[in-house]
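Descriptive analysis of the structure
The lines below spell out each chain.
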Amino acid sequence: MEMFWLPKKEKLSIKNPFGFIDEMKKKSLTKNSIFNFGSIAKEFNAVAILMLVERGQLKLDDPISKYNLDLPKWSEKVTTRHLINYASGIPRIENGLIVPKNDEEAWKILRKTDTLLFEPGKDYRYDNGNVFLQRRIIEKITRMTFQDFVTKNIIKPLKMNNSVFDPKFGYKNRTSCYDMDNVRCPEMEFVSGWLWLDTNDMYKWIDAINHNRLISRKSFETLLNNPYTKDHQGGSFGDYFRDEELQRHNGVSYKFESLVLNDMKNDVVIILASNSRNKVWDLGHVIRDIMLGKTFEIPKKSVYQALRKEAQTDVNKAIENYYQLKNTSEKEYSFENPIELNTLGYEFLRAGKINESIKIFQLVVKEFPNNSSVADSLGEAYLTNKQYDLALEWYNKAISLGGTNGNAERMIEKIKALKN
């Protein structure tokens, strides 16, 4: 993991890389190690879009059909504003275990699907198809590849000299992610345009955005505030807490995990990048509390990590040990966080171990009976297993507990269509 935090008023920066570049653990991380920052890299296409807006080359509320992308008729309803706020309703390019390995496969999915998930602007769904189309629109307008446009207009002006798009294994300073059993993650096969950075270049990016060197403050506000979600959060720059003037964005890709806390009120920037999933979310907030002189708690041990290895061989035994661990060491582990068990459930689901995933999700809903998100997850597992009645039961349960941003309702409609 590499940590970078900067209280700018004191002109002090602290960089602390520790760990290894890959699972062999022969070469240590350095300040020049570059990471896959996951969803945080989506900020670059969003800012590129607003740069084109400011140059008069793009209007956010024009339909994307204007750009002749050879998409179905739904493109006449979808605007670029919908795309940057994940409110477009466009078809998903990732569906369970099916993930496009390149741009051509993503195009095929979007061009052959005639229906939207929901009416544009009426709902919200965080999906990489929105990012894919943003990049293609930039290319249509500029007649440059997305990578070339960002390199010319962002990377070079900011002297982000250690940043590179889609680096292959073996590229200088490139890290590989690995799990707690020291098994390397698969190399990414996905749509193009993911910028890998070290923490110093990431700071240059954040500092430039904060000081209006790429886009105006008004344009930045457009990206910070999502008009289609509760509390205007969950947009191209993650979450924004207006009262605190705090931007929070995290990214996950395989075992790469990253977090940016951009505290504009207190002039503090915290950047964490990990290639082995090191609870950066919790650590980032603890570091911020320390920097601001607030009371803090050291993050607890991970329930997910404690159970994962055993669960791979005997899920029933792992569940027994969960209760034993809770009985003997409740204060030491993060039992209050449903994401810990949910992560394990989804790991099984994505690996095609559906029965194991169902058992874990059943445990989660038992432990967190009032959580709509975990009810939705159990519904998804039953749906994947074609147990439609049980899937309907748990999706309806999710709705009764407050809903999951419309996902449960959409899945219920999908199940009804499958049953008819």
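As the structure is a prediction and not an experimental result, all values here were calculated from the model. (Residues numbered from 1 in each chain as written. Predicted model: local features only at pLDDT ≥ 70, side-chain atom pairs only at ≥ 80, totals over all residues. Heavy atoms only, no water.)

**Digging into unusual backbone geometry**
Threshold: Every helix listed is a DSSP run of H or I at least four residues long, and every strand listed is a run of E at least two residues long, numbered separately from the N terminus.
Unlike most non-glycine residues, Tyr86 shows phi in positive territory, near 55°. Within the secondary structure, Tyr86 is located in the loop between helix H2 (80-84) and helix H3 (103-112). With a phi close to 55°, Glu245 is a non-glycine residue in the positive phi region. With respect to the secondary-structure elements, Glu245 resides in the loop between strand E6 (239-241) and strand E7 (246-253).

**A closer look at the nonpolar core**
Nonpolar side chains tend toward joint burial in soluble globular proteins. Rule in force here: Take the buried Ala, Val, Leu, Ile, Met, Phe, Trp, Tyr and Cys residues and link them wherever side-chain atoms come within 4.5 Å; each set so joined is a nonpolar core. For the exposure calls, accessible area comes from a 1.4 Å probe over protein chains only, and a residue counts as buried if that area is under 20% of its type's maximum, exposed if over 50%, partly exposed in between. In what follows, residue pairs with any heavy atoms lying within 4.5 Å of each other are defined as contacts.
In this structure, Val47, Ile64, Leu133, Ile154, Met160, Met202 and Trp205 are the most contacted members of the largest nonpolar core, which totals 72 residues. Contact partners of Ile64, with chain neighbours within four places excluded, come to Leu69, Leu71, Trp74, Ser75, Val78, Thr79, Thr80, Leu83, Leu133 and Ile137.

**Focus on the packing of helix H14 (residues 388-400) against helix H15 (residues 407-419)**
Selection criterion: Axis definition: a line fitted to C-alpha atoms, over the contacting stretch in the case of helices. Angles run 0 to 180 degrees between N-to-C directions. Orientation is classified from the angle alone, with under 35 degrees giving roughly parallel, over 145 giving roughly antiparallel, 65 to 115 giving roughly perpendicular, and any other angle giving oblique. Each helix crossing is assigned a hand: it is left-handed if the near helix lies turned anticlockwise from the far helix by less than a right angle, otherwise right-handed if that turn is clockwise.
Between H14 and H15, the least distance of the axes is 9 Å, while the angle of their chain directions is 155°. Put simply, H14 runs roughly antiparallel to H15. The handedness of the crossing between H14 and H15 is left-handed. On H15, the residues touching Tyr388, Asp389, Ala391, Leu392, Tyr395, Asn396, Ala398 and Ile399 of H14 are Asn407, Ala408, Glu409, Met411, Ile412, Ile415, Leu418 and Lys419.

**Some words on the side chain of Asn226**
To keep it simple, the criterion reads: Any pair of N or O atoms that falls within 3.5 Å is considered a polar contact. Within protein, one atom must be able to donate a hydrogen and the other to accept it, and sequence-neighbouring residues count only if both atoms are side-chain atoms.
Structurally, Asn226 can be placed in the loop between helix H7 (217-224) and E6. A polar side-chain atom of Asn226 sits 2.9 Å from the main-chain carbonyl oxygen of Asn85. Beyond its immediate chain neighbours, meaning those up to four positions away, Asn226 contacts Asn85, Tyr124, His232, Gln233, Gly234 and Gly235.

**Details of the packing of aromatic side chains**
Short version of the rule: For Phe, Tyr and Trp, rings pair up if their centres lie within 6.5 Å, where Trp contributes its six-membered ring, and each pair is then called stacked (planes under 30 degrees apart), edge-to-face (over 60) or tilted (otherwise).
What the rule picks out here adds up to twelve aromatic pairs. Measuring from ring centre to ring centre gives 5.4 Å for Phe220 and Phe237, while their planes differ by 70°; the resulting arrangement is edge-to-face. Highlighted residues: Phe220 in helix H7 and Phe237 in the loop between H7 and E6, separated in sequence by 17 residues. The pair formed by Phe220 and Phe237 is uniform in burial state, with each residue classed as buried. Their ring planes at 70° and their centres at 5.0 Å tell us that Tyr346 and Phe361 sit as a pair that is edge-to-face. Highlighted residues: Tyr346 in helix H11 (residues 338-350) and Phe361 in helix H12 (residues 354-367), separated in sequence by 15 residues. Accessibility assignment for this pair places Tyr346 and Phe361 in one class, buried.

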